[in-house]
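For reference, the chains in residue letters:
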2 protein chains.
Amino acid sequence: MFSQKFIRHALLLSSRGKSGIRCRFRSTQAIAEKVTDGFVEDLRSIVGKANVSTAEAVRDQHGHDESYHETTLPDAVVFAQSVEHVSKVAKLCNDNVVPLIPFGSGTGLEGGINALKGGVCLDISQMKNVIEVNAEDFDCTVESGVTRGELNSYIRDTGLNFPVDPGADASVCGMCATSASGTNAVRYGTMRENVLNMEVVLADGTVLWTAGKNKRSRKTSAGYNLTNLFVGSEGTLGIITKATIRLYGIPEATLSAVVHFPSIQEAVDTTVQVMQCGVPIARIEFLDEAAIDAFNKYSKFDMKVAPSLFLEFHGSPSSVEEQKEVVEEIAKMNNGSNFKWATNADERNRLWKARHEIVYACTALVPGSKPYSTDVCVPISNLPAVIVQTKEMLKKENLVGPIVGHVGDGNFHIFFPVDHDHPEALTKIKAMSEKMSLLAMEMHGTCTGEHGIGMGKRELLEKEVGIEGLRAMQIVKNAFDPNQILNPGKIFPV
Amino acid sequence: MFSQKFIRHALLLSSRGKSGIRCRFRSTQAIAEKVTDGFVEDLRSIVGKANVSTAEAVRDQHGHDESYHETTLPDAVVFAQSVEHVSKVAKLCNDNVVPLIPFGSGTGLEGGINALKGGVCLDISQMKNVIEVNAEDFDCTVESGVTRGELNSYIRDTGLNFPVDPGADASVCGMCATSASGTNAVRYGTMRENVLNMEVVLADGTVLWTAGKNKRSRKTSAGYNLTNLFVGSEGTLGIITKATIRLYGIPEATLSAVVHFPSIQEAVDTTVQVMQCGVPIARIEFLDEAAIDAFNKYSKFDMKVAPSLFLEFHGSPSSVEEQKEVVEEIAKMNNGSNFKWATNADERNRLWKARHEIVYACTALVPGSKPYSTDVCVPISNLPAVIVQTKEMLKKENLVGPIVGHVGDGNFHIFFPVDHDHPEALTKIKAMSEKMSLLAMEMHGTCTGEHGIGMGKRELLEKEVGIEGLRAMQIVKNAFDPNQILNPGKIFPV
């Protein structure tokens, strides 16, 4: 399926483990030396004394996200209060060739904000204005610090919501930066389909709107699609300071359900058939028996420990009823049983809150562990084979790794609970994660459906897009950031 | 609403009319001289003697699209039979700094294939293979010559179709290049949402797959979104030789209808309210009374000559019924009358065929005329004001210009019938078209929702995306095409 040579290469890379990171951290110091006392004073003169910190606690807090990647500290943390701050700090860093890493909510899963070469971490989470809500056009514009949850609270009275839901209460602009998606993407799309425009600060301090200032039409053919160039660029092309995004009407009727299956194959076959029947399902989440077990223990449910689907339907009452009937029939044909319907909001909220806490539930399986999560995505017809083969690999390697997936998109995760101070365990899991990625790519899929490349999958990108694709990305990177100051060490192989 | 200075500038530009084009044509000859007999021999050695033509008739056929822009001839036309041909021709042109213009079906509407600087027109329409259809994954991959109609014939037995429908039977890859959309985009999205991957040949002959070879997952976060960088790049960044696109199930039930209104405001208000109610309508097309008049005369209908909406609903029988009820109620609240329902396929096909022929119907209004079509797109809440103001401007200028729009997206067109040999009439229409674009941009919209910038709206792009946005686009252009050989003179202001 993939060459022995490549596997050996991948294993070699993964076996470097922590020492690799330390090596990068060390090699960083030469550049970091540029963040002198004078440079810090220059930062303070831009944003005010109180908005720059070199305290270790603050740098530590900004040196890691929620992933397994070891903390790597920036030399200074700057709290921007305006786009002018962002622009001036970028210009200063660019003029002095100092690394600059934008920091949103810190909820990333591939080490996207680790300061691999030191430099300045630019925390843009304090810009919290909702600039405008155009309820009649189903769009709004928010500043970089506004989280998904804050936005949805703010617009609650309009009858609208922003459904893209990666689980964490990430900032909307951070979600743009990583091309986030999540449970609702099967119905509402990912960030790529939901961003209309963004204010972006380039490496040299230039402020631009990707679709033009104040523009928010549903479609445009005017020049290059800069919006979707910056969505998913992980802070390596520019700093996203505002985003204009689509909103959706809160559905008239919502219905959630859980159904259990005798085998993974039957659960995933159900998913594939539901999608092939064109049911406009809002959520279709797979949990294998290990995930259900973790879920029961952590969130105090008593579900049948079996491969399961969590479903949600949105629409008019009759449309929801129709979707329910079709899905129920398909599930039953695949031996689905124990349907539990959650019709009221409290039951639904409890179910989905617990689903979103699954990463903590999986971690709780192994005392003293932290999560190591990975994600791949394949065409849905290949999903049963990929999940089944992954399970076999997990069994062979004797690894605990509950599988949870946004399977309607062909996207799934493994949440490995692992002691991060146990290098051998980490190395074994890294190798497993890379095998999964290689398998997904072999099956016409991607090594990451929604977490991004960050620092965790840099060595896989060429395998996925080819040397030509990688070079094209480097052409773009070099054109926008010739001094390589923006989030260095991310996306591209070292 | 917009500055007098800008209007004067726009009018000045538009008043240059044909002489401007001639001037560009003349300035071209210096470069065109590079297409020597020896160079043509080199082309023949790549693609075979029969696949290169310097005959004036062939060059003429490849020197214009379906728009009002005056024909500008390439020096040679090459008919590529494979991606290897495309790659080698690109490399040859790049090495010799000869302009290279990709040519698909020639159905563009903004002069996208005019050879403004002479050079080689690379006709990629003869590569006609459907590479694969993955019915179970709702995707397929086609070569550059496969048109939308040919694809839909090919996949008819699968129960799937490709719904993006710009009217013309354009090539799918050409639709990628211009970011096409059309009547169905309100339900199924534009090309931006429907392309999963593309094979692209860069200026230097490099062949790349934007999402990696053989990759076709529904979503990915692996590196930069090269796919959406090339979608809409109008042949200026690379040549699209294959596309992997999404397919959709042919709906179980389809219902079309026409309804008439006392005023434009009421027709457009209906559209806005239908969208705001979240009806998943498949088509909602506006025709003003002038368009209905042209439509009746050309296609032998006897509809009430009034502002009208053409509607189509897709879904299950009960979902279609539900949509019909909601829309009927909204239309009636806005004094819509004379509902005519087309339930059988023959009636529907006749209606939509005639709708797609509206450009010819409008042209038939003025004997000896050819069409001049333009398009803008605004947030839907601004649509009533923009259409009403546009009608007032038309009246003031005493211009015949039926308005037809994909109004569910906020997108509409004017089809001006004009004698292209009458420079004053053309100048007047250009000025009107630019006023419309300025108005749309002022109302948070775009100067082109789906036709692209081409050569017709180059001078408006900076107004839309700002000098910073324009420079960012130029950064991308220069990075991918440092010798400026790919489709020179398009998108960017001269």
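- An unreviewed UniProt entry annotates chain A as Probable D-lactate dehydrogenase, mitochondrial of Littorina saxatilis.
- In its Function (unreviewed entry) section, UniProt records this for chain A: "Involved in D-lactate, but not L-lactate catabolic process."
- What UniProt states about chain A under its Subcellular location (unreviewed entry) heading is, verbatim, "Mitochondrion".

### Quick notes on the overall build of chain A
At step 1: In terms of regular secondary structure, chain A is built from 18 helices and 18 strands.
At step 2: Over its C-alpha trace chain A gives a radius of gyration of 22 Å, about what one expects of a compact globule, namely 23 Å for 494 residues.
At step 3: Principal axes of the C-alpha set define a box for chain A whose edges measure 70 × 55 × 40 Å.
At step 4: Within chain A, the proportion of its 494 residues that are buried is 63%.
At step 5: Accessible surface for chain A amounts to roughly 17,500 Å². Of this, 50% is attributable to carbon and sulfur atoms.
At step 6: Of the side-chain charges in chain A, 50 are positive and 59 negative, and the distance between the mean point of each set is 4 Å.

### With respect to the relation of the copies chain B and chain A
At step 1: Placing chain B over chain A gives an RMSD of 0.0 Å and needs a rotation angle of 180°, together with 0.0 Å of translation along the axis. Expressed as an axis order, the relation between the two copies is that of a two-fold axis.
At step 2: Taken as a fraction of all interface residues of chain B, those also at the interface in chain A reach 100%, which identifies the copy contact as same-surface.

### Quick look at helix α5 (residues 83-96) of chain B
Residue and element names in this part refer to chain B.
At step 1: Here α5 contains 14 residues, and its C-alpha end-to-end distance of 20 Å stays within 8% of the 20 Å for a straight helix at 1.5 Å per residue.
At step 2: Every buried residue of α5 is accounted for by V83, H85, V86, S87, V89, A90, L92, C93 and N94.
At step 3: Looking one or two residues beyond α5, the residue adopting positive phi is V97, at roughly 50°.

### So, the side chain of N228 of chain B
At step 1: With respect to the helices and strands, the residue N228 of chain B is situated in helix α10 (residues 226-230).
At step 2: Look at N228 of chain B and you get buried, because its relative accessible area is 7%.
At step 3: Within polar-contact distance, the side chain of N228 of chain B engages the backbone oxygen of R192 of chain B at 3.4 Å.
At step 4: Ignoring sequence-local partners within four residues, the contact set of N228 of chain B consists of N225 and N228 of chain A together with R192 of chain B.

### Considering the interface of chain B and chain A
Accessible area lost on assembly of the parts is the figure often given for the size of an interface.
At step 1: With 78 residues of chain B in contact, the opposing surface of chain A contributes 78 residues.
At step 2: Interface of chain B and chain A: buried area, both sides summed, is about 5,900 Å²; carbon and sulfur atoms make up 58% of it.
At step 3: Of all residues in chain B, K219, S221 and Y224 of chain B give up the largest surface area on contact with chain A, accounting jointly for 16% of the area buried on that side.
At step 4: Counting every contact that joins chain B to chain A gives four salt bridges.
At step 5: Put simply, E450 of chain A and K219 of chain B hold a salt bridge, and the shortest N to O gap is 3.0 Å.

### Side note on the sheet that holds strand β8 (residues 195-201) of chain B
Residues and elements named next belong to chain B.
At step 1: Judged by pairing direction, the sheet is antiparallel, and its five strands sit side by side in the order β5-β6-β10-β8-β9 without closing on themselves. Each of the sheet's edge strands pairs with one partner strand only, and the pair in question is β5 (130-134) and β9 (207-209). On average, each strand axis in the sheet is inclined to that of its neighbour by 10°, with strand direction left out of account.
At step 2: As judged from the five bridges shared by strand β6 (residues 139-143) and strand β10 (residues 239-246), these two strands associate in the antiparallel manner. By the bridge assignment, E143 is partnered in β10 with K242.
At step 3: The sheet strands contacting α5 are β8, β9 and β10, and the helix crosses β8 at an angle near 50°.

### Comments concerning empty space enclosed by the protein
Residues and elements named next belong to chain B.
At step 1: Throughout the structure, instances matching the rule amount to one cavity of 30 Å³ or more.
At step 2: There is about 40 Å³ of room inside the largest cavity.
At step 3: In terms of lining residues, the largest cavity is bounded by E66, S67, Y68, L109, P371, Y372 and S373.
At step 4: The residue inventory of the lining of the largest cavity, partitioned by class, reads four nonpolar, two polar and one charged.

### Brief notes about the pairing of strand β2 (residues 76-79) of chain B
Residues and elements named next belong to chain B.
At step 1: Neither face of β2 is exposed, since A76 and V78 on one face and V77 and F79 on the opposite face are all buried.
At step 2: Strand direction decides the pairing type here: strand β1 (residues 52-53) and β2, joined by two bridges, are antiparallel. Across the sheet, the residue bridging to S53 is V77, located in β2.

### A look at the packing of helix α11 (residues 264-276) of chain A against helix α16 (residues 383-397) of chain A
Residue and element names in this part refer to chain A.
At step 1: Two elements in contact, α11 and α16, have axes separated by 9 Å at closest approach and are oriented at 155°. By the angle between their axes, α11 is roughly antiparallel relative to α16. Crossing hand, α11 versus α16: right-handed. Between α11 and α16, the residues in contact are I264, Q265, V268, D269 and V272 and L383, P384, I387, V388 and K391, respectively.

### Notes on the packing of aromatic side chains
At step 1: Scanning the entire structure with this criterion turns up 20 aromatic pairs over all chains.
At step 2: Centre to centre, the rings of Y188 of chain A and Y248 of chain A are 4.9 Å apart; their planes meet at 70°, and the pair counts as edge-to-face. Of this pair, Y188 of chain A sits in helix α8 (residues 185-188) while Y248 of chain A is found in strand β11 (residues 248-249), placing the two residues 60 residues apart along the sequence.
At step 3: Judged by its relative accessible area of 10%, Y188 of chain A falls in the buried class.
At step 4: Relative to F301 of chain B, the ring of F295 of chain B lies with its centre 4.8 Å away and its plane at 35°, an arrangement referred to as tilted. Considered together, F295 of chain B and F301 of chain B belong to a single accessibility category, that of buried residues.
At step 5: An aromatic cluster of three or more residues is present, and its members are F295, F301, F310 and W352 of chain A.
At step 6: When the ring centre of W341 of chain A is taken as origin, the NZ or CZ atom of K324 of chain A, which lies over that ring, is 4.5 Å away.

### So, the pattern of salt bridges
At step 1: Throughout the structure, instances matching the rule amount to 40 salt bridges over all chains.
At step 2: In this structure, the salt-bridge partner of K128 of chain B is E150 of chain B, at a minimum N-O distance of 3.0 Å. Linking K128 of chain B in the loop between β4 (120-123) and β5 with E150 of chain B in helix α6 (residues 148-154), this pair joins segments that are 22 residues apart in sequence.
At step 3: K128 of chain B sits in the partly exposed class, given a relative accessible area of 42%.
At step 4: In this structure, R216 of chain B and E132 of chain B form a salt bridge, with 3.8 Å as the shortest nitrogen-oxygen distance. With R216 of chain B in the loop between β9 and α10 and E132 of chain B in strand β5, the pair connects residues that are 84 residues apart, well separated along the chain.
At step 5: A relative accessible area of 32% means that E132 of chain B is categorised as partly exposed.
At step 6: Several salt bridges share partner residues, and in doing so they unite E132, D137, D139 and R216 of chain A into one network.

Reading guide: rules and limits
- Residues numbered from 1 in each chain as written.
- Chains lettered and ligands numbered in written order.
- Predicted model: local features only at pLDDT ≥ 70, side-chain atom pairs only at ≥ 80, totals over all residues.
- Heavy atoms only, no water.
- UniProt positions renumbered as here; feature names shortened; annotations may be inferred.
- Helix = DSSP H or I, 4+ residues; strand = E, 2+ residues; numbered from the N terminus.
- Rg over C-alpha atoms; globule rule 2.2 N^0.38 Å.
- Buried < 20%, exposed > 50% of the residue type's maximum accessible area, 1.4 Å probe, protein only.
- Areas by Shrake-Rupley, 256 points an atom, 1.4 Å probe, with all protein chains shown as cover.
- Lys, Arg positive; Asp, Glu negative; His and termini not counted.
- Charge placed at Lys NZ, Arg CZ, Asp CG, Glu CD.
- Least-squares fit on C-alpha atoms with pLDDT ≥ 70 in both.
- Contact = heavy atoms within 4.5 Å.
- Expected span 1.5 Å × (residues − 1).
- Polar contact = N/O pair within 3.5 Å; in protein donor to acceptor, adjacent residues only side chain to side chain.
- Buried area = accessible area lost by both parts, 1.4 Å probe.
- Salt bridge = Lys/Arg side-chain N within 4 Å of Asp/Glu carboxyl O.
- Pairing = 2+ DSSP bridges.
- Axes fitted to C-alpha atoms, helices over the stretch in contact; angles between N-to-C directions.
- 1 Å grid on protein atoms, 1.4 Å probe; cavity = no way out; pocket = protein on both sides within 12 Å on 5 of 7 lines; lining within 4 Å.
- Points joined across faces, edges and corners; volume = space filled by probe spheres on them.
- Nonpolar A, V, L, I, M, F, W, Y, C, P; charged D, E, K, R; others polar.
- Parallel < 35°, antiparallel > 145°, perpendicular 65-115°, else oblique.
- Left-handed = near helix turned anticlockwise from the far one by under 90°.
- Phe/Tyr/Trp six-rings, centres within 6.5 Å; stacked < 30°, edge-to-face > 60°.
- Lys NZ or Arg CZ within 6 Å of the ring centre and 35° of its normal.

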